[in-house]
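Analysis of the macromolecular model
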Amino acid sequence: MIDDPVGTAGWFDSDDSASAEISDHERLMIIGIAVAATLLLLAFSVYVWLDSGDLSGSLSFAGMALFVGGSIVSVNVLDSPAFRNRTRGLLALRLALRVGGRARRWQAEDWQAAVEASPNPVRYGLGLVRAALLMRLYDLGTLLLRAACWVLASNHRTWWPLGSVLAFAAVNVHLTQGWGSAFYTLPTIVAFHLGVEHLRRRWNIPRKRD
């Protein structure tokens, strides 16, 4: 009987497939090393081409580097469907965190735990991306609503810019079509006034005295 307290012999036991399975962390390390080595070899091939001018040899060396590095990455990704799904789910999680913004970074641990515990990490991760996008749109809508309320709370902030635009439109119509057509802008001015007052009542905006 071999004294093997750390279980090293299990890696060479063909009947024990579970012990020969590598973890996700180890797969990621292997993929990272393969990608880094491939990039270094590609940089070296460019250096050889610039130094010696041998384009065909540099291309052959670069192609060999890409083939070997790509093979290592493909084997580690395609060999385990579970690892592939978890990796895609975590990539979707990172995208969701970026879309959600800094205000929701505190949810990262909870979201990651939910993705890892889900039987379909990819679908769950894409659901998080959709939810983060809706949250971001809600934040943007809230910001725009607050800005609109701030403008409507003051007659100066409302009618100085709006009145300038309406006056410019009336003058432009007069210059291009004459005063007869300029009078048709009056219903537009009335409609804008009624619209502003309607929004103030609907959103319950107290009007500032100014």
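In this report, we go over the structure that sits alongside the text. Just so we're clear, the structure is a prediction, and the values are computed from it rather than from any experiment.

Our next topic: the overall build of the protein chain. Helices and strands together make up the secondary structure of the protein chain, namely 8 helices and 0 strands. Going residue by residue from the N terminus, the α and β elements of the protein chain occur as α-α-α-α-α-α-α-α. When each of the 210 residues of the protein chain is scored for burial, the buried share is 22%. Pairs at least 24 apart in sequence give 60% of the contacts found in the protein chain among residues at least 6 apart. Accessible surface computed for the protein chain: about 15,500 Å², of which carbon and sulfur atoms make up 66%.

So, on to the pattern of salt bridges. This structure, assessed with the given rule, holds 1 salt bridge. For Arg200, the salt bridge is made with Glu197, and the minimal N-O distance between the two is 3.1 Å. Remark: Glu197 and Arg200 occur in helix α8 (residues 186–202); sequence separation between them is 3 residues, near one turn of the helix.

It is the contact of helix α6 (residues 155–177) with α8, at a shortest axis distance of 12 Å, that shows an interaxial angle of 155 degrees. What the angle tells us is that α6 and α8 run roughly antiparallel. As α6 runs across α8, the sense of the crossing is right-handed. Within the contact between the two elements, α6 uses Asn155, Thr158, Trp159, Leu162 and Leu166 and α8 uses Thr188, Ile189, Phe192, His193, Val196 and Arg200. Partitioned by chemical class, the residues of the contact of α6 with α8 number 6 nonpolar, 4 polar and 1 charged.

A grouping of Leu133, Leu134, Leu137, Leu140, Leu143 and Leu144 is seen on the molecular surface, where their side chains present a nonpolar patch of about 590 Å² in accessible area. Relative to the elements of secondary structure, Leu143 occurs in helix α5 (residues 121–152).

According to the relative accessible area criterion, Arg200 is buried, its value standing at 5%. For Arg200, the side chain forms a polar contact with the side chain of Asn155, separated by 3.0 Å. If near-sequence neighbours (up to four positions away) are discounted, Arg200 is found in contact with Leu152, Ser154, Asn155, Thr158, Ile205 and Arg207.

Turning to the packing of aromatic side chains, a few remarks are in order. If you walk through the whole model with that rule in mind, you get 0 aromatic pairs. Above the plane of the ring of Trp150 lies Arg157, whose end atom (NZ or CZ) is 4.2 Å from the centre.

What follows deals with the side chain of Glu197. Take Glu197: its relative accessible area is 18%, and that puts it in the buried class. One polar contact links Glu197 to Arg200, side chain to side chain, over a distance of 3.1 Å.

Moving on, we come to the nonpolar core. Among the nonpolar cores identified, the biggest contains 10 residues, and these are Ala92, Leu93, Ala96, Leu97, Ala108, Trp111, Val115, Leu128, Val129 and Ala132. Listed by contribution, the elements that provide at least two residues to this core are α3 (81–100), α4 (108–117) and α5. Sort the elements by how many residues they give to this core and α3 lands first, with 4 residues. Look past the residues within four positions of Ala96 in its chain and what remains in contact with it is Trp111, Leu128, Val129 and Ala132.

Reading the values: rules and limits
- Residues numbered from 1 in each chain as written.
- Predicted model: local features only at pLDDT ≥ 70, side-chain atom pairs only at ≥ 80, totals over all residues.
- Heavy atoms only, no water.
- Helix = DSSP H or I, 4+ residues; strand = E, 2+ residues; numbered from the N terminus.
- Buried < 20%, exposed > 50% of the residue type's maximum accessible area, 1.4 Å probe, protein only.
- Contact = heavy atoms within 4.5 Å.
- Areas by Shrake-Rupley, 256 points an atom, 1.4 Å probe, with all protein chains shown as cover.
- Salt bridge = Lys/Arg side-chain N within 4 Å of Asp/Glu carboxyl O.
- Axes fitted to C-alpha atoms, helices over the stretch in contact; angles between N-to-C directions.
- Parallel < 35°, antiparallel > 145°, perpendicular 65-115°, else oblique.
- Left-handed = near helix turned anticlockwise from the far one by under 90°.
- Nonpolar A, V, L, I, M, F, W, Y, C, P; charged D, E, K, R; others polar.
- Patch = residues over 30% accessible without salt bridge, like charges linked within 9 Å, V, L, I, M, F, W, Y side chains within 5 Å.
- Polar contact = N/O pair within 3.5 Å; in protein donor to acceptor, adjacent residues only side chain to side chain.
- Phe/Tyr/Trp six-rings, centres within 6.5 Å; stacked < 30°, edge-to-face > 60°.
- Lys NZ or Arg CZ within 6 Å of the ring centre and 35° of its normal.
- Core = buried A, V, L, I, M, F, W, Y, C linked by side-chain atoms within 4.5 Å.

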